Amino acid sequence: MAGQLWSTNSLGGYFYSLNLSNELRRAVQPMTKFRQFADVKDASQQGKSKGETFTWDVVKDVGRQGRTLTETNTMAESNFTITQGTLTITEAGQAVPYSGKLEALSKFDIKAPVMKALKNDAAKWFDIAAHAEFNSTPLRVVGTSSTAIALTTNGTATATNSIAFNNTHHKAIIDVMKERNIPAYANDDYMAIAWPSTLRTLKNNLESIHQYTTEGFGMIATGEIGRYENCRFVEQTNVPKGGAADSTTWDPYTSTADAWNNALSDWIFFFGEDTVAEAIAVPEEMRAKIPTDYGRSKGVAWFYLGGFGLVHETDATQARVVKWDSSV
């Protein structure tokens, strides 16, 4: 059987070596970052027996702006249009089988490390799936100089990003979001998510900006980026760097990065409210395999039935996600 075996040290035999420590160490893994920003308030009731397609209504603005009335004229009338977004419910999961011999001879409860490894695997999958929808946004910005950005609205960055992301770029992007009437994510603040090193120049900028304030000094001391220009930053490491439009090797499922050609910066997602919907038919859960071969073959798996979808899809006028991007 494929899986965890007593006969192969690296697959299980090490679980009872001579003088083995009583402490079981595990590889450090990040938890979900993208998924926490997916909206499940309206999708969590999808449930079973409702088909594989989940839809939501998007109400557009009123067609004619209201205006001053003349006493002798009738009230002006207008209407609004409604569109629908859709996503497809799919299955996701991963199993780790193990032998009955490994369970019988191991010093540790074999289910504990298996379930921990599966929990880490599930966290990565959820972020990869949510990231794919964030990444389908039609709004892309590219840094064209240390002070300027260029915006495209067709889902493709058409210029090479040749500068590290800095606080001036940040202010310009926030201005773009405000002037496009993108609603704040919470408490009048937008959110942004990126790799820690992608934000290094910005962090250095903020250190010099805040160094003479008590609050700023505290931020530097704790290594916190915090809030700047109506935006809060979240750092993640689940989804690899790179993946520009020309990339043929970038693969989040194998953690294969493909840095931008100049390697001076990397992707950042800025977003407001109502970004990505998550429809859940069966919430993620651990499932034990029914033992076979007279109890000699066992296993544990994580399973999920659901899906993610960009709320406003390809409608650039209503898009809520802006990606700091590059063409190569």
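Residues numbered from 1 in each chain as written. Predicted model: local features only at pLDDT ≥ 70, side-chain atom pairs only at ≥ 80, totals over all residues. Heavy atoms only, no water.

*Asks:* Let's hear about the sheet that holds strand β10 (residues 276–288): which residues, and what values?
*Replies:* Read from one edge of the open sheet, four strands run β1-β10-β11-β4, paired in mixed fashion. The open sheet has two free edges, formed respectively by β1 (38–39) and β4 (90–99), since each of these has just one partner strand. Its contacts with the sheet place helix α2 (residues 111–134) against β4, β10 and β11 (297–310), and it is angled at close to 15 degrees to β11. (Pairing = 2+ DSSP bridges. Helix = DSSP H or I, 4+ residues; strand = E, 2+ residues; numbered from the N terminus. Contact = heavy atoms within 4.5 Å. Axes fitted to C-alpha atoms, helices over the stretch in contact; angles between N-to-C directions.)

*Asks:* Go over the packing of aromatic side chains with me, naming the residues and quoting the values.
*Replies:* A complete count under the given rule lists 19 aromatic pairs for this structure. Where F37 meets Y185, the ring centres are 5.5 Å apart and the plane angle is 80 degrees; that geometry is what we call edge-to-face. One end of the pair, F37, is in the segment before β1; the other, Y185, is in the loop between α3 (167–179) and β7 (190–194), and 148 residues separate them in sequence. Overall, F37 belongs to the buried group, its relative accessible area being 7%. Accessibility expressed as a relative area gives 29% for Y185, which makes it partly exposed. Ring geometry for W125 versus F126: centroids 5.1 Å apart, planes at 75 degrees, classification edge-to-face. Grouping aromatic residues by their ring pairs yields a cluster made of F34, F37, F134, Y185, W267, F269 and F271. One Lys or Arg, R35, reaches over the ring of F126 and ends 3.8 Å from the middle of that ring. (Phe/Tyr/Trp six-rings, centres within 6.5 Å; stacked < 30°, edge-to-face > 60°. Buried < 20%, exposed > 50% of the residue type's maximum accessible area, 1.4 Å probe, protein only. Lys NZ or Arg CZ within 6 Å of the ring centre and 35° of its normal.)

*Asks:* Describe the environment of F134, with residues and values.
*Replies:* Residue position: F134 is located in helix α2. For the pair formed by F134 and F37, sequence separation is 97 residues and the distance between their alpha carbons is 10.0 Å. The residues touching F134, leaving out its near neighbours within four places in the chain, are F34, F37, F269, F271, T275, V276 and V321.

*Asks:* An account of the nonpolar core is needed here, citing residue identities and associated values.
*Replies:* Most often, soluble globular proteins have nonpolar side chains that are buried together. Ranked by internal contacts, the top residues of the largest apolar core, which has 56 residues, are F165, F270 and F308. Looking at which element gives the most residues to this core, the answer is α2, with eight residues. Residues within four places of F308 in sequence aside, it is in contact with R35, A38, L87, W125, F126, A129, A130, E133, V276, A277 and E278. Formed by nine residues, the second largest nonpolar core is a distinct cluster that contains V58, L87, A277 and V311. (Core = buried A, V, L, I, M, F, W, Y, C linked by side-chain atoms within 4.5 Å.)

*Asks:* Before we move on, can you summarise the sheet that holds strand β12 (residues 321–324) with the specific residues and values?
*Replies:* Across the sheet, which stays open at both edges, the six strands sit in the order β6-β5-β12-β9-β7-β8 with mixed pairing between neighbours. The strands lining the two open edges of the sheet, one partner per strand, are β6 (149–152) and β8 (231–235). Across the sheet, the mean angle from the axis of one strand to that of its neighbour is 25 degrees, orientation sign disregarded. Bridging between strand β5 (residues 139–143) and β12 involves three bridges; their strand directions are parallel. In the sheet register, V141 faces β12, and the bridge partner there is W324.

*Asks:* Quick rundown of the pattern of salt bridges? Include the residues and the values.
*Replies:* Any two side chains of opposite charge can pair, so long as their charged atoms come close to each other. Evaluation of the coordinates by the stated rule reveals nine salt bridges. Here D315 ties to K60 by a salt bridge, and the two come within 2.2 Å at their closest N and O atoms. Linking D315 in the loop between β11 and β12 with K60 in strand β2 (residues 53–62), this pair joins segments that are 255 residues apart in sequence. Classification of K60 by relative accessible area gives buried; the value is 19%. (Salt bridge = Lys/Arg side-chain N within 4 Å of Asp/Glu carboxyl O.)

Such coordinate-based values are descriptive only and should not be taken to indicate function.
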